[in-house]
Amino acid sequence: MTQDELKQQVAKSALEYIKGLSIIGVGTGSTVNFFIDMLADYKADIEGAVSSSDATSELLKKIGIPVLELNDVGDIEVYVDGADEVDPRKKLIKGGGGALTREKIIAAASKKFVCIVDSSKCVDVLGKFPLPVEVIPMSRSYVAREMVKLGGQPVWRENYITDNGCEILDVHNLEITNPMELERTINDVTGVLTVGLFSHRAADVVLVGNGDKVDVM
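Below is a short write-up of the structure. All values reported here derive from a predicted model rather than from experimental measurement.

Let us now look at the environment of Gln9. Within the fold, Gln9 resides in helix 1 (residues 3–14). Assessed through its relative accessible area of 18%, Gln9 is described here as buried. C-alpha separation for the pair Gln9 and Val214, spaced 205 residues apart in sequence, amounts to 7.4 Å. Those residues in contact with Gln9 that sit more than four places away from it in its chain are Met1, Gly209, Asn210, Gly211, Asp212, Lys213 and Val214.

When the terminal C-alpha atoms of helix 1 are compared, their 17 Å separation across twelve residues agrees well with the 16 Å that a helix rising 1.5 Å per residue should span. Listed in full, the buried residues belonging to helix 1 are Leu6, Lys7, Gln9, Val10, Ala11, Ser13 and Ala14. In this fold, the buried residues of helix 1 make contact with helix 2 (30–39), strand 4 (76–81), strand 7 (110–118), strand 13 (205–209) and strand 14 (214–216).

Among the nonpolar cores identified, the biggest contains 25 residues, and Ile18, Ile24, Val26, Phe35, Leu39, Val80 and Ile116 are the most heavily contacted of them. Listed by contribution, the elements that provide at least two residues to this core are helix 1, strand 1 (23–26), helix 2, strand 4, strand 7 and strand 13. With six residues, helix 2 is the single largest residue contributor to this core. Not counting chain neighbours up to four residues away, the residues in contact with Ile24 comprise Ile18, Leu39, Ile46, Gly48, Ala49, Val50, Ile76 and Val78. Counting residues in each nonpolar core, the second largest holds 19 residues, with Ile93, Ala144, Val189 and Val192 among its members.

This part takes up the packing of helix 2 against helix 3 (residues 54–62). Two elements in contact, helix 2 and helix 3, have axes separated by 9 Å at closest approach and are oriented at 20 degrees. As the angle between them shows, helix 2 and helix 3 are arranged roughly parallel. As helix 2 runs across helix 3, the sense of the crossing is right-handed. Two secondary-structure elements touch here, helix 2 through Asn33, Ile36 and Leu39 and helix 3 through Thr56, Leu59 and Leu60. By residue class, the composition of the contact of helix 2 with helix 3 is four nonpolar, two polar and no charged.

Below, the discussion takes up the environment of Pro132. Summarising the element assignment, Pro132 is placed in strand 8 (residues 131–135). Accessibility expressed as a relative area gives 0% for Pro132, which makes it buried. Along the backbone, Pro132 and Val195 are 63 residues apart, and their C-alpha atoms lie at a distance of 6.2 Å. In contact with Pro132, other than residues within four places in its own chain, are Ile93, Lys94, Gly95, Gly96, Leu100, Arg157, Ile168, Leu169, Asp170, Thr194, Val195 and Gly196.

Basis of the calculations
- Residues numbered from 1 in each chain as written.
- Predicted model: local features only at pLDDT ≥ 70, side-chain atom pairs only at ≥ 80, totals over all residues.
- Heavy atoms only, no water.
- Helix = DSSP H or I, 4+ residues; strand = E, 2+ residues; numbered from the N terminus.
- Buried < 20%, exposed > 50% of the residue type's maximum accessible area, 1.4 Å probe, protein only.
- Contact = heavy atoms within 4.5 Å.
- Expected span 1.5 Å × (residues − 1).
- Core = buried A, V, L, I, M, F, W, Y, C linked by side-chain atoms within 4.5 Å.
- Axes fitted to C-alpha atoms, helices over the stretch in contact; angles between N-to-C directions.
- Parallel < 35°, antiparallel > 145°, perpendicular 65-115°, else oblique.
- Left-handed = near helix turned anticlockwise from the far one by under 90°.
- Nonpolar A, V, L, I, M, F, W, Y, C, P; charged D, E, K, R; others polar.

Now the structure itself:
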């Protein structure tokens, strides 16, 4: 199977987790886009969705699903999103698409976080994928120097502004053996809005498309 076919396979499997729910959370990224396409068949049952990005909001509106504000709905039963890397403990790196802050907020507000990935995203140790860190623009250089102290090589994602009006540093060359500790450390750096480590709020379920079947972690 091609990578897109694997993404479609795992996106389809996530539909089982949203059946009977009137309000859901929807993430951002190429795998989630396939999931959104499939939601068109369920839109009669879905009252609305809380979206993690402007891009996702546009796709949801296009298929006729209302986009709701998190402030108006409270807790969400299920949040479906992808990841850039997943380790065996269901800790994640997210943010390749730049929506990490809103993704982390929705994940925190959701009772169940269902992560959908193809098998290429599964790793033993997080860090091969550059770790995104969303920063207040004036703090970018300072935060970058702090990332160097942690052993990383930060690269400014030039000409990119997040939906929150912030900038992103992609931190290379990290081997993240203790993601919970590193998440706390980076979050404590002044000027950091969000780090793309999802370890304190990891996924509850990870669905992995591997061609033969969808594995459940």
